[in-house]
Amino acid sequence: MNSVTAISTETAEASHLWFGNTRVAIRVASHQGADGMSVIEHWMPCGEAPPLHIHHTEDEVFHVIKGRMRFRIGEQSLVAGAGETVLAPKGIPHHFRVESEEGAQCLTITRGADFEAMVRAVSRQTGADWLPPFVMPDAATVASLTAACAANGIDIIGMPLL
């Protein structure tokens, strides 16, 4: 018989992390379910744009809660706003840029621990409930992110979406 686990704000990880310019909360950790699903909530400032990258082991689903994000997935470009969901299939290069002046809030959903492990590896704890202004990462930050990605089935292959 399968058991049901309800994950609420009381049972999810309470701490927030700084992941570059982004504040994240891991709402469902990959170890909490049999399929290794991970759900991470992101609050991002205007201009936030990760480098072009490929996930080799897991699809990445983005569900936009607030704001507007422009995506480039393979050769396809699209804009998603609140209530819209975008799939970046594994093996396909993708990146995005937060377009809305007020920033954006989204969920990323993956099956597997690679993306979550990378986020944990390069993040630091925060108790803040605000966002800093966007800043370009320095060389040390980029090197750390590149190494953490490579260790978790993700290759950085290009520049952020401008």
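Residues numbered from 1 in each chain as written. Predicted model: local features only at pLDDT ≥ 70, side-chain atom pairs only at ≥ 80, totals over all residues. Heavy atoms only, no water.

The chain carries the name Cupin domain-containing protein in an unreviewed UniProt entry, which gives Cereibacter changlensis as its organism.

A.B. asks: When you look at the overall build of the chain in this model, what are you seeing that I'm missing?
C.D. replies: Of the regular secondary structure elements, the chain holds 2 helices and 12 strands. Each helix and strand of the chain, placed in order from N terminus to C terminus, yields the pattern β-β-β-β-β-β-β-β-β-β-α-β-α-β. Since a compact globule built from 162 residues should have a radius of gyration of about 15 Å, the 15 Å found for the chain is in line with a globular shape. Based on the C-alpha atoms only, the size of the chain along its principal axes is roughly 50 × 35 × 35 Å. A buried classification covers 41% of the 162 residues belonging to the chain. Considering only residue pairs separated by 6 or more positions, the chain has 72% of its internal contacts joining residues 24 or more positions apart. Once the 11 positive and 18 negative side-chain charges of the chain are each reduced to a mean point, those two points are 2 Å apart. (Helix = DSSP H or I, 4+ residues; strand = E, 2+ residues; numbered from the N terminus. Rg over C-alpha atoms; globule rule 2.2 N^0.38 Å. Buried < 20%, exposed > 50% of the residue type's maximum accessible area, 1.4 Å probe, protein only. Contact = heavy atoms within 4.5 Å. Lys, Arg positive; Asp, Glu negative; His and termini not counted. Charge placed at Lys NZ, Arg CZ, Asp CG, Glu CD.)

A.B. asks: What is the right way to look at the UniProt feature "domain: Cupin type-2" (unreviewed entry) in the chain in this model?
C.D. replies: UniProt feature "domain: Cupin type-2" (unreviewed entry): in the numbering of this structure it lies at residues 45-109. Structurally, residues 45-109 comprises 0% helix and 60% strand, and the distance from its first C-alpha atom to its last is 20 Å. (UniProt positions renumbered as here; feature names shortened; annotations may be inferred.)

A.B. asks: Explanation requested: the nonpolar core in the structure shown.
C.D. replies: The tendency in soluble globular proteins is for nonpolar side chains to be buried as a group. In terms of nonpolar packing, the biggest core is built from 13 residues, with Met44, Phe62, Met69, Phe71, Val86, Phe96 and Val98 touching the most fellow members. Secondary-structure elements contributing two or more residues to this core are strand S5 (60-66), strand S6 (68-73), strand S8 (85-88), strand S9 (94-98) and strand S10 (104-111). Of the residues forming this core, the biggest block, 3 residues, is contributed by S6. Counting 12 residues, the second-largest nonpolar core is a separate cluster that includes Phe19, Ala29, Val119 and Ala148. (Core = buried A, V, L, I, M, F, W, Y, C linked by side-chain atoms within 4.5 Å.)

A.B. asks: Looking at this model, I keep getting lost on the pattern of salt bridges. Mind explaining?
C.D. replies: Per the stated rule, a full pass over the model turns up 5 salt bridges. Arg72 serves as the salt-bridge partner of Glu75, at 3.3 Å between the closest nitrogen and oxygen. Look at Arg72 and you get partly exposed, because its relative accessible area is 27%. For Arg97, the salt bridge goes to Glu99, with nearest N and O atoms at 3.9 Å. Residue Glu99 is classed as partly exposed on the basis of its relative accessible area of 28%. Taken together, the shared-partner salt bridges in this structure form one network comprising Arg70, Arg97 and Glu99. (Salt bridge = Lys/Arg side-chain N within 4 Å of Asp/Glu carboxyl O.)

A.B. asks: Explain the pairing of S9 here, please?
C.D. replies: If a strand is regular, its side chains alternate between the two faces of the sheet. Most of S9 is tucked away, with 4 of its 5 residues classed as buried. One ladder, built from 5 bridges, connects S6 with S9; its direction is antiparallel. Bridged to Phe71 within S9 is Phe96. (Pairing = 2+ DSSP bridges.)

A.B. asks: Can you walk me through the packing of helix H1 (residues 114-122) against helix H2 (residues 139-150) in this structure?
C.D. replies: For any two helices packed against each other, the geometry comes down to the angle between their axes and how far apart the axes lie. At their nearest, the axes of H1 and H2 sit 9 Å apart, and the two run at 150° to each other. Here H2 runs roughly antiparallel to H1, going by the angle between their axes. By crossing handedness, the relation of H1 to H2 is classed as right-handed. For the pair H1 and H2, the contacting residues are Met118, Ala121 and Val122 in the first and Ser144, Leu145, Ala148 and Cys149 in the second. Here the residues of the contact of H1 with H2 sort into 6 nonpolar, 1 polar and no charged. (Axes fitted to C-alpha atoms, helices over the stretch in contact; angles between N-to-C directions. Parallel < 35°, antiparallel > 145°, perpendicular 65-115°, else oblique. Left-handed = near helix turned anticlockwise from the far one by under 90°. Nonpolar A, V, L, I, M, F, W, Y, C, P; charged D, E, K, R; others polar.)

A.B. asks: Help me understand the sheet that holds S5, please; the structure alone is not making it clear to me.
C.D. replies: Across a sheet, paired strands are connected by hydrogen bonds in the backbone, their directions being either parallel or antiparallel. As summarised here, the arrangement of the 7 strands in space is S8-S5-S10-S3-S2-S1-S11, forming an open sheet in which the pairing is antiparallel. Unpaired on one side and paired on the other, S8 and strand S11 (124-126) mark the two borders of the sheet. Recorded for the sheet is a direction-independent mean angle of 30° between the axes of neighbouring strands. Of the pairings in the sheet, the one linking strand S2 (residues 22-28) to strand S3 (residues 37-44) comprises 5 bridges and is antiparallel in character. What sits directly across from Val28, in S3, is Val39. Its contacts with the sheet place H1 against strand S1 (16-19), S2, S3, S5, S10 and S11, and it is angled at close to 45° to S3.

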